[in-house]
Amino acid sequence: MTQLSPAQKPAAGAAAEPADKAAGPGRPATDNPKALYGGTASRRLTVRDIAAAKERGEKWPMLTAYDAMTASVFDESGIPVLLVGDSMGNCHLGYESTVPVTLDEITMLSAAVVRGTKRALVVADLPFGSYQEGPVQALRSATRLVKEAGVGAVKLEGGERSAHQVELLVSSGIPVMAHVGLTPQSVHAFGGYPVQGRGEEAAQQLLRDAKAVQDAGAFAVVLEAVPAELAAEVTRSLHIPTVGIGAGVECDAQVLVWTDMAGFTAGRVPRFVKQYLRLRELLGDAAREFAEDVVGGAFPAEEHTFH
């Protein structure tokens, strides 16, 4: 049974909250019905809701999702933004990095996530090679994700170097979430996944990158693997929300790859990951228990058998 904290417990004699005020299955109610997490809105969230949350000073969570079933769980849990990330390459498709992920793969899995959700804003990554040629290529790729997959926004990597792409997409009616700092599609150029923005020159470049995508019309910007102090400065400098991943607590929102968050990823996970479940261990235990039942003749039992 879930134990309520003192702040969550109703006052003595207080009436129970009406059912029509509930936030939905598995979602806590909140004092603000417009809140991204815990709010009562059952409609699909949009970038206007994200902008309003920034104005309210509201923090919000984002998770990745790559299939309809997992996305439905997160949607029912109240996660307001789901990212169909090219991280699917590492944790879903068996690639060594995000670089091999194709637009076809992103489109197919984004459509599944959209079908599995009712409320969350679904954002899809533009994969490596689908926007670097310039704004026209970016528009062509993003249009496919919007039309074929039904996503509400796209995400692309890069600051100043991607500002023209962002500007054309936004002016064409496609909301864009930008991504600066550690950009995994540049793994070969970086020679790995180092923290970005250390040192005065690198910090100033990251600030310029964040402001460039804001000025180009991005509705939010991901800050990945950035020193917390720099991420806080960027957050204070922008009127659009920052989404941190390894960027400290001062960002407006936080995102994790869901397989990292749930303890499904094998081996080491990045320092910035907190694992909330041991899913890999639990699933392995279930598989072994099933196998032992089959080998020992305990499954299927009579209650699982037709006559």
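The structure we're discussing is the one just above.
First, a word on what this report is: a plain description of the structure on this page.

### Some remarks on unusual backbone geometry
In step 1: Between phenylalanine 299 and the following residue, proline 300, the backbone shows a cis peptide bond with an omega angle of 5°.
In step 2: Despite not being glycine, alanine 225 has its phi angle at roughly 50°, a positive value.
In step 3: Position of alanine 225 among the secondary structure elements: in the loop between strand 6 (220-224) and helix 9 (228-237).

### Examining the environment of leucine 182
In step 1: Structurally, leucine 182 is set in the loop between strand 5 (176-181) and helix 7 (187-190).
In step 2: By relative accessible area, which is 4% here, leucine 182 ends up buried.
In step 3: Distance from leucine 182 to valine 222, taken between C-alpha atoms, is 9.5 Å for residues 40 residues apart in sequence.

### Some words on the sheet that holds strand 3 (residues 121-125)
In step 1: Strand order in this closed barrel of eight strands is 1-2-3-4-5-6-7-8, and the pairing throughout is parallel. Averaged over all pairs of adjacent strands, the angle between strand axes in this sheet comes to 25°, irrespective of strand direction.
In step 2: Bridge count between strand 2 (residues 81-84) and strand 3: four bridges; the pairing is parallel. Bridge pairing in strand 3 links leucine 83 to valine 123.
In step 3: Its contacts with the sheet place helix 6 (residues 163-171) against strand 4 (153-157) and strand 5, and it is angled at close to 170° to strand 4.

### With respect to the nonpolar core
In step 1: Of all hydrophobic cores here, the largest spans 59 residues; its most connected members are Leu82, Val154, Leu169 and Leu223.
In step 2: Among the elements that line this core, the one with the most residues is helix 8 (residues 200-216), at seven residues.
In step 3: Among all residues touching valine 154, those that are not within four sequence positions of it are Val123, Ala124, Leu126, Ala142, Leu145, Leu169, Ile174, Pro175, Val176 and Met177.
In step 4: Leu121, Phe219, Ile245 and Val255 belong to the second-largest nonpolar core, a separate cluster that totals 19 residues.

Quick notes on the rules
- Residues numbered from 1 in each chain as written.
- Predicted model: local features only at pLDDT ≥ 70, side-chain atom pairs only at ≥ 80, totals over all residues.
- Heavy atoms only, no water.
- Helix = DSSP H or I, 4+ residues; strand = E, 2+ residues; numbered from the N terminus.
- Buried < 20%, exposed > 50% of the residue type's maximum accessible area, 1.4 Å probe, protein only.
- Pairing = 2+ DSSP bridges.
- Axes fitted to C-alpha atoms, helices over the stretch in contact; angles between N-to-C directions.
- Contact = heavy atoms within 4.5 Å.
- Core = buried A, V, L, I, M, F, W, Y, C linked by side-chain atoms within 4.5 Å.

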